[in-house]
Every structure is written in structure tokens, then in C-alpha cells.
Amino acid sequence: MKALLFIETDGEKVLGASLELISAVKELDAEAEALIVGNRAMADTVAALGIPVIFIETATDRDTLTEVLSQTVKEQSPDIVLLANTTLSKDIAPRIAGRMCLGCVSDVIGINKIDGKVIYTRPAYGGTILEHIEVDGTAVITVRKGSFSKPEAGLNAGVTEKKVEIPANAIKAKIVDSIKEMCEAVNLEDAQVIVSGGRGMGNIENFGLVEELAHVLGGVVGATRPPIESDWICRTHQVGQSGKIVAPKLYIACGISGATQHTSGMSGSKYIVAINKDEEASIFDIADIGIIGNVLEILPVMIEEMKKVKAK
């Protein structure tokens, strides 16, 4: 079995979600190569993890990346093409699959080989059920972050530089300018600790308790849809189906009821603490620890206790 991995970067570092793809192919015992574009130093970093790397410098946007990946897939003829389930890759993956008439499965959380066949597992209907999918022929797969562990260092497998000619007609759109909000710097996907607030926080002043606890724990602030729509915090902090898919070591849900639109984006967290005054709240169904009570009374106590622990 042969696999091609698209390793995504943010211009400064390799995304952790992409590195997990290396662990996925090792579990399948597949022969694999990784494709990196734009930064040679990052290609060397990935090669040091024991996987051969193809480095191509020319691709810069969705159209050129699609062309580069399509040409590489045609040349390498892999059985599986793996991408992290990022905003960029969710755009590129179906383009490649459609262009080359390949199968495509998104948001995969498990890959298993059963009787010589590869089965892809993904959540459906807001995470209420799991689908097990088999693809005939080459499959283009996006993998949810946190589904596999990060790889350990191995023998340097080397980097091969290649040039790909991008036809002029491959570029359908050109970005002439982009504006970033200051809060776009938040990195929910790679955060180890996330403290999220929901409608139960009541107002923007109370939501400050969520931000304070996150700061004390050295974590990142998350939110459900209601706080976003109420302008308590910007949209880049949203966790869930219409936000970010996260899998931190610790997730603290404050005043969150547990709607599937939210839990489908954080159920992969290693340890979940939920605080809610409603003992019937569905968030408790997936929590490792449930605290029943007024979140506005509990959070100040947690913050003070955490500060004491850090001061020791």
C-alpha cells in the first residue's frame, strides 16, 4: 500500500495536524511520501521524522496547490492521499478527487485495515453516529486533528526537490488583498488546554471569567455559537461544527449545555471538565468530570485555587 501525505504549514512551522498523518500511515504499515510546498527548512524537519519528502516551491494558493497535488498524485499513483482536516485542505481535497475521479472522505477520525481492506471512520449527523466507509480505488482523505498521535523522530529519510509547471489556465482566482482580525492569531487546533464558555455565562462581563481561567492555566479561550453571535468574543474562537475541531489534553466547558453542533467539535479532547447548573445537560454525557452548580460561583473559586497551585 502506498500513501501520499500533504503536509501543511502556516509559513513558520508545520501544522501539528499534518504531522499526525505520519502516525496514521505507520499504523497502516504503508509506504509513504510527504509533499511540502514553499519552505525547504520545514521539509527537512519532516524528513527527520523518518518519511521521505517531496519539496516543491512554486505552489502558493488553492489553485496552484490543487494543480501540484493533482500532478503528484498522477505521477506517484498512491492508494491513499492524506490531508489534515484544515480549512485549506477541506477546500483542496474535493477538487483533487473531482478532477481525477477519486473517492473522497472528509473528517476521518479512524483508519483501520480489515481483511486487507482499508476502512475509514468518520462522524455523521453532528457526531451522533459513526460511519465506516470503504473506498474503491485511490481515496482522498482528510483526517481530524487529534485522531492520531504525533510521530517520534526517526532516521532522516531525505528531501527530493521537484519543479512543477503551473499552466496559466489552472489559476481561476487571485487574492489581491486580505485583512486579518487581531484575534485570528488564536491557535485552537494546537492548544493543549482550552477553556470554553457558552450561553450560560450570561453576558460579556461574566465571559471574562472564562478568559481569566484560560490565562491562569496557560490555555486558549473557546466559545460556542451564542457568545460569538452576541459579540462577547470574535468568531475565530468558535468550537464546533461551524467553528474549529479541537482535541486538547484538557477541555473545560463553562455554561455549555452540550448541543451536538458544539460537542462534535471537541469530543476528541483527552479530558473534559463540564460545569453546568442543569444536571440533565447533555454535556455531562461526554465529560470525565461534571460539576453541577452555578458557573459564576464556581469559576472564581477555580481561578483562585489554580493561582495558589501555580504560586507554590
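Preceding this section is the structure that the text describes.
To keep things clear, this report deals only with the structure shown in the data block. (Residues numbered from 1 in each chain as written. Predicted model: local features only at pLDDT ≥ 70, side-chain atom pairs only at ≥ 80, totals over all residues. Heavy atoms only, no water.)

The next point concerns the sheet that holds strand E12 (residues 220–223). Spatial ordering of the open sheet is given by E12-E11-E13-E14-E15, a layout of five strands whose pairing is parallel. At either margin of the open sheet sits one strand with a lone partner, and together these are E12 and strand E15 (289–292). Strand-to-strand twist across the sheet, computed as the mean angle between neighbouring axes with direction ignored, equals 15 degrees. Alignment of strand E11 (residues 193–197) against strand E13 (residues 250–254), held across five bridges, turns out to be parallel. When the bridges of E13 are listed, Ser196 appears paired with Ala253. Packed on one face of the sheet, helix H5 (residues 204–217) meets E11, E12 and E13 and runs near 175 degrees to E11. Packing against the sheet, helix H8 (residues 295–311) makes contact with E13, strand E14 (272–276) and E15, and its axis sits at approximately 135 degrees to E14. (Pairing = 2+ DSSP bridges. Helix = DSSP H or I, 4+ residues; strand = E, 2+ residues; numbered from the N terminus. Axes fitted to C-alpha atoms, helices over the stretch in contact; angles between N-to-C directions. Contact = heavy atoms within 4.5 Å.)

The subject of this paragraph is the packing of helix H3 (residues 62–76) against helix H4 (residues 87–100). For the pair H3 and H4, interaxial distance at closest approach is 9 Å and the crossing angle is 50 degrees. Considering the angle they form, H3 stands oblique to H4. Classified by chirality, the crossing of H4 by H3 is right-handed. Contacts between H3 and H4 involve Arg62, Asp63, Leu65, Thr66, Glu67, Leu69, Ser70, Val73 and Lys74 on the former and, on the latter, Thr87, Leu88, Asp91, Ile92, Arg95, Ile96, Arg99 and Met100. Of the residues belonging to the contact of H3 with H4, the class tally is seven nonpolar, three polar and seven charged. (Parallel < 35°, antiparallel > 145°, perpendicular 65-115°, else oblique. Left-handed = near helix turned anticlockwise from the far one by under 90°. Nonpolar A, V, L, I, M, F, W, Y, C, P; charged D, E, K, R; others polar.)

Bringing the layout of surface pockets into the picture now. For the largest pocket, the calculated volume is near 1,700 Å³. Glu8, Thr9, Asp10, Thr87 and Leu88 are, among the 45 residues lining the largest pocket, the residues nearest its centre. Contributing elements (two or more residues each) for the lining of the largest pocket: helix H1 (16–27), H3 and H4. The element that contributes the greatest number of residues to the lining of the largest pocket is H4, accounting for four residues. Among the residues forming the lining of the largest pocket, the class breakdown is 16 nonpolar, 13 polar and 16 charged. (1 Å grid on protein atoms, 1.4 Å probe; cavity = no way out; pocket = protein on both sides within 12 Å on 5 of 7 lines; lining within 4 Å. Points joined across faces, edges and corners; volume = space filled by probe spheres on them.)

With that settled, the discussion passes to the environment of Ile56. For Ile56, the location among the structural elements is in strand E3 (residues 53–56). Residue classification places Ile56 among the buried positions, given a relative accessible area of 1%. For the pair Ile56 and Lys13, spaced 43 residues apart in sequence, the C-alpha separation works out to 16 Å. (Buried < 20%, exposed > 50% of the residue type's maximum accessible area, 1.4 Å probe, protein only.)

This part covers the packing of H5 against H8. The N-to-C vectors of H5 and H8 enclose an angle of 20 degrees; their axes lie 10 Å apart at closest approach. It follows that H5 is roughly parallel to H8 by the angle criterion. Note on packing geometry: the crossing formed by H5 with H8 is left-handed. Between H5 and H8, the residues in contact are Asn206, Leu209, Val210, Glu212, Leu213, Val216 and Leu217 and Leu296, Leu299, Pro300, Met302, Ile303, Met306, Lys307 and Lys310, respectively. Across the contact of H5 with H8, the residue classes tally to 11 nonpolar, one polar and three charged.

The next subject is the sheet that holds strand E8 (residues 129–134). Here we have three strands laid out as an open sheet, ordered E6-E7-E8, and antiparallel in their pairing. The open sheet terminates on both sides in strands that have one partner only, identified here as strand E6 (110–114) and E8. Across this sheet, the average inter-strand angle for adjacent strands is 30 degrees, counted without regard to direction. For E6 and strand E7 (residues 117–124), the ladder comprises five bridges, and the chain directions are antiparallel. Bridging across to E7, Asn112 finds its partner in Ile119.

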